[in-house]
Amino acid sequence: MWVLFLIPACAAAAYSCLRLVQVATRADVLEVSGPAQPSAAVGIGLYETAYLAGGPARVVELVLVLMAGRGRLHLAHTGWTTVVDPRGRTRLERALIEAIGPDGQCRTGPLRAELAAHPTVLEVGERLARAGLATPEPVRVGTWRAVRQVRRSLLLCLVLLTAALALSAPGTDDARAAVAWFSLPLVLTCGTLLMARVDVHACTRFAAPAGMEVLRTARLPRQADRGRDQEQALLRAVAMAGPAALADERLRAALRT
């Protein structure tokens, strides 16, 4: 009877592991082929740093903090964003004001989600990906989904093994045989996840290996730097670490909604 549980366990494990290997191979090919343009040709500003550190959501957080700090937006800790100055100075600011709508006020959570998917924000990542600094979106999402599928296959194998043992008398030959055969898909999925942790985990980040080097050289601003240019130091800290770098508790609460 336990063989009926073993077949779907082996099939799910083999399929998910094969899919992850294919995704990893594709990621290796892209890395070997190199960037379409040299990374030196891409200016690494605050928005580019924010994307490498936290993706589109971090870019949106940076825009919100910048406009709020300059008095163009009001971010309420109750979860509302209100336009104070409707004139956007950059494309990202104009996209933000457009996303808020004609009423000049909207909920912060939906606003952040909508702006994170805006072409102006995604263009930052595409430009960095062409330079070899960011992981291409299809590779990052595909790798993350493949890893998640292997994890689900591992969980399925454990559930089916439990069900097989429940139908077998403890200590019998059937129970021992079930454990022995189920060890094959379990070892396969666990080994593949270990391989993914070592080889393809970097593909699930927004920053490619070259982009991680950029972030290491950028670093968080030192206290001495903050005294020279407090606003730029604050924005750079938000780009690197997100809202946690903000000293204003009410502003942190507004960005957590």
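The shown structure was predicted, so the numbers you read here are calculated from the model rather than taken from an experiment. (Residues numbered from 1 in each chain as written. Predicted model: local features only at pLDDT ≥ 70, side-chain atom pairs only at ≥ 80, totals over all residues. Heavy atoms only, no water.)

### Let's talk about the overall build of the chain
This is how the line gets drawn: For the purposes of this entry, the term helix denotes a DSSP run of H or I that reaches at least four residues, the term strand denotes a run of E that reaches at least two, and both are numbered from the N terminus. Residue contacts are defined here by distance: any two heavy atoms, one from each residue, within 4.5 Å place the two residues in contact.
Check the secondary structure of the chain and you find 11 helices and 3 strands. The linear arrangement of helices and strands in the chain, starting from the amino end, is α-α-β-β-α-β-α-α-α-α-α-α-α-α. Contacts spanning at least 24 positions in sequence make up 70% of the contacts within the chain whose residues lie at least 6 apart.

### What to know about the packing of helix H2 (residues 46–69) against helix H4 (residues 108–116)
What counts here: Orientation is described by lines fitted to C-alpha atoms, with helices fitted over the stretch in contact, and by angles between N-to-C directions that extend from 0 to 180 degrees. Working definition: roughly parallel below 35 degrees, roughly antiparallel above 145 degrees, roughly perpendicular at 65 to 115 degrees, and oblique for all remaining angles. Note on convention: the crossing is left-handed when the near helix lies turned anticlockwise from the far helix by less than a right angle, right-handed when the turn is clockwise. For this classification, Asp, Glu, Lys and Arg are treated as charged, while Ala, Val, Leu, Ile, Met, Phe, Trp, Tyr, Cys and Pro are nonpolar and the rest, including Gly, are polar.
Remark: H2 packs on H4, axes separated minimally by 9 Å, with the N-to-C direction vectors making an angle of 120 degrees. Taken together, the axes of H2 and H4 lie oblique to each other. In the crossing of H2 with H4, the sense of the turn from one axis to the other is right-handed. Residues Pro56, Ala57, Val60, Glu61 and Leu64 of H2 form the contact with H4, whose own contacting residues are Leu111, Arg112, Leu115 and Ala116. Considered class by class, the residues forming the contact of H2 with H4 number 7 nonpolar, no polar and 2 charged.

### What about the pattern of salt bridges?
A pair can form between side chains of opposite charge whenever their charged atoms are brought close. Quick note on the threshold: The rule for a salt bridge is simple: a side-chain nitrogen of Lys or Arg has to be within 4 Å of a carboxyl oxygen of Asp or Glu. Under the scheme applied here, a residue whose accessible area is under 20% of the maximum for its type counts as buried, over 50% as exposed, and between as partly exposed, the area being computed with a 1.4 Å probe on protein chains only.
Applying the stated criterion across every chain, the model contains 11 salt bridges. The closest approach of N and O atoms between Glu93 and Arg72, which form a salt bridge, is 2.7 Å. In this pair, Glu93 is assigned in helix H3 (residues 91–100) and Arg72 in the loop between H2 and strand E1 (73–75), connecting sequence segments 21 residues apart. Like Glu93, the residue Arg72 is buried in the burial classification. Here Arg176 ties to Asp173 by a salt bridge, and the two come within 2.5 Å at their closest N and O atoms. Of this pair, Arg176 and Asp173 are both found in helix H7 (residues 173–199), 3 residues apart, which corresponds to roughly one turn of the helix. Asp173 sits in the exposed class, given a relative accessible area of 57%. Through salt bridges with shared partners, a single network forms among Arg58, Glu61 and Arg112.

### Quick look at the side chain of Thr120
Mapped onto the elements, Thr120 comes out in helix H5 (residues 119–130). We classify Thr120 as buried; its relative accessible area is 11%. When near neighbours in sequence (up to four residues on either side) are disregarded, Thr120 contacts Arg91, Leu92 and Ala95.

### Topic: the sheet that holds E1
Selection rule: Two strands are counted as paired when DSSP detects at least two bridges linking them.
Within the open sheet, the 3 strands sit side by side as E1-E2-E3. Their pairing is antiparallel. Only two strands of the sheet have a single neighbouring strand rather than two, namely E1 and strand E3 (105–107). Averaged over neighbouring strand pairs, the angle between their axes works out to 15 degrees when direction is ignored. Pairing of strand E2 (residues 80–83) with E3, which is carried by 3 bridges, proceeds in the antiparallel orientation. Note on E3: the bridge partner recorded for Thr81 is Cys106. Where H4 meets the sheet, its contacts fall on E2 and E3, and the angle it forms with E3 comes to roughly 90 degrees.

### Notes on the pairing of E2
For a regular strand, the rule is simple: side chains alternate between the two faces of the sheet. Burial along E2 is one-sided: the face carrying Thr81 and Val83 is buried and the face carrying Trp80 and Thr82 is not. Note: E1 against E2, 3 bridges, orientation antiparallel. Looking at E2, one finds that Leu73 is bridged to Val83.

Structural measurements only, silent on function.
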